[in-house]
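This is what each chain is made of:
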Amino acid sequence: MRTALMFAMLLTCAGAQAEPARSGDQVFKANCARCHGAQADGDTPIAKVVKPPPPDLRRSGLSEAQIREIVTHGGEGVGRSPIMPNWGFQLSTQDIDAVVAYVNGLKGRVDGVKSAARSQ
Ligand code: HEC
């Protein structure tokens with residue numbers, strides 16, 4: 001009886017244990033840094049060979065909603081380069097929320113440089 005109860009409790013606990021939420025910084029380092037750079041400055045080997053290069057996200061002129069659009073639907077989904085992947089299928093909603101907030105928070109983080117508005 002006691003064993004059965006313990007077993008039932010263990011099962012319930014295992015089922016209830018959710019993945020710990022990842023921070024935007026963690027999601028970025030794991031998925032975006034290889035193209036956009038660990039500092040999001042676009043300084044990567046890939047940026048030297050693809051056109052257009054993955055941009056310096058600190059200088060992005062996009063609104064948070066536009067960042068969410070391109071992250072969720074990919075470059076192709078918003079009429080831009082298909083090299084920017086479509087993360088809507090690969091990341092959970094929580095990860096997308098976290099990374100969008102993180103990238104949006106980077107804007108204007110360059111000394112003396114105001115984020116340049118980008119004409120699309
Ligand atoms: C395989 C390389 C690659 C990876 C990985 C990648 N990107 Fe990109 N990203 C690009 C390229 C290339 C562009 C430029 C698209 C264009 O201008 O046509 C871009 C553009 C963007 C833009 C638009 C910036 C602006 O101001 O115009 C945002 C925001 C962005 N990426 C966020 C992310 C995030 C967040 C991740 C990770 C979840 C990510 N990217 C992963 C290649 C990549």
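Up top is the structure these notes are about.
Residues numbered from 1 in each chain as written. Predicted model: local features only at pLDDT ≥ 70, side-chain atom pairs only at ≥ 80, totals over all residues.

Structural notes on the site of the ligand
Rules: Should the C-beta atom of a residue, placed from the backbone, lie within 6 Å of a molecule or strand, that residue is near it. Think of it this way: any DSSP run of H or I at least four residues long counts as a helix, any run of E at least two long counts as a strand, and we number them from the N terminus. Under the convention adopted here, Pro, Cys and the residues Ala, Val, Leu, Ile, Met, Phe, Trp and Tyr are nonpolar, Asp, Glu, Lys and Arg are charged, and Gly plus all remaining residues are polar.
Inspection of the region around the ligand gives 27 residues, with C32, C35, S60, R80 and S81 positioned closest. Of all the secondary-structure elements, those providing two or more residues to the shell around the ligand are α3 (33-36), α5 (64-77) and α6 (93-106). For the shell around the ligand, the class distribution of residues is 18 nonpolar, six polar and three charged.

Things to note about α5
Heads up, the rule is: The span expected for a helix works out to 1.5 Å for each residue beyond the first. Two axes define the bend at a residue: one fitted to the seven residues ending there, one fitted to the seven starting there, and the bend is the angle between them. The burial criterion counts other C-beta atoms lying within 10 Å of a residue's C-beta, which is placed from the backbone; the residue is buried at 20 or more, exposed at 12 or fewer, and partly exposed between these limits.
Between the first and last C-alpha of α5 there are merely 16 Å, a value that for 14 residues lags more than 12% behind the 20 Å anticipated at 1.5 Å per step. Along α5, the largest kink reaches about 70 degrees and is centred on V71. Listed in full, the buried residues belonging to α5 are I67, I70 and V71. One or two positions beyond α5, positive phi appears at G79, with a value near 75 degrees.

Some thoughts on the nonpolar core
The criterion, for reference: Connectivity within a nonpolar core runs through C-beta atoms within 7 Å, and the core itself is a set of buried Ala, Val, Leu, Ile, Met, Phe, Trp, Tyr and Cys residues. Contact between two residues is assigned when their C-beta atoms, built from the backbone, lie within 7 Å.
Counting 16 residues, the largest nonpolar core has I67, V99, Y102 and V103 as its most contacted members. When residues of this core are traced back to their parent elements, those giving at least two are α2 (24-31), α5 and α6. By residue number, the principal contributor to this core is α6, which donates six residues. Setting aside residues no more than four positions away along its own chain, I67 makes contact with L62, V100, V103 and N104.

Side note on the packing of α5 against α6
As a reminder of what qualifies: Interaxial angle, 0 to 180 degrees, is taken between N-to-C directions of lines fitted to C-alpha atoms, where a helix line uses only the stretch in contact. Roughly parallel means an angle under 35 degrees; roughly antiparallel, over 145; roughly perpendicular, 65 to 115; everything else is oblique. Note on convention: near helix rotated counterclockwise from far helix by under a right angle means a left-handed crossing. Clockwise means right-handed.
Interhelical geometry of α5 versus α6 gives an angle of 130 degrees and a closest axis separation of 10 Å. Viewed along their axes, α5 and α6 adopt a mutual orientation that is oblique. α6 is crossed by α5, and the crossing has right-handed handedness. Where α5 approaches α6, its residues E64, I67, R68, V71 and T72 are matched on the opposing element by I96, V99, V100, V103 and N104. A breakdown of the residues in the contact of α5 with α6 according to their chemical character gives six nonpolar, two polar and two charged.

Observations regarding the environment of C32
Take C32: it is sitting in the loop between α2 and α3. Accessibility expressed as a C-beta count within 10 Å gives 22 for C32, which makes it buried. Sequence spacing of C32 and P54 is 22 residues, and the spatial spacing of their C-alpha atoms is 9.6 Å.

A word on the packing of α2 against α6
For any two helices packed against each other, one specifies the inter-axial angle together with the distance between the axes. Relative orientation of the contacting elements α2 and α6 amounts to 95 degrees, with a least axis distance of 7 Å. Classed by the angle they form, the pair α2 and α6 counts as roughly perpendicular. Facing G24, D25, V27 and F28 of α2, the residues of α6 in contact are D95, A98, V99, A101 and Y102. Considering only residue class, the contact of α2 with α6 consists of six nonpolar, one polar and two charged.

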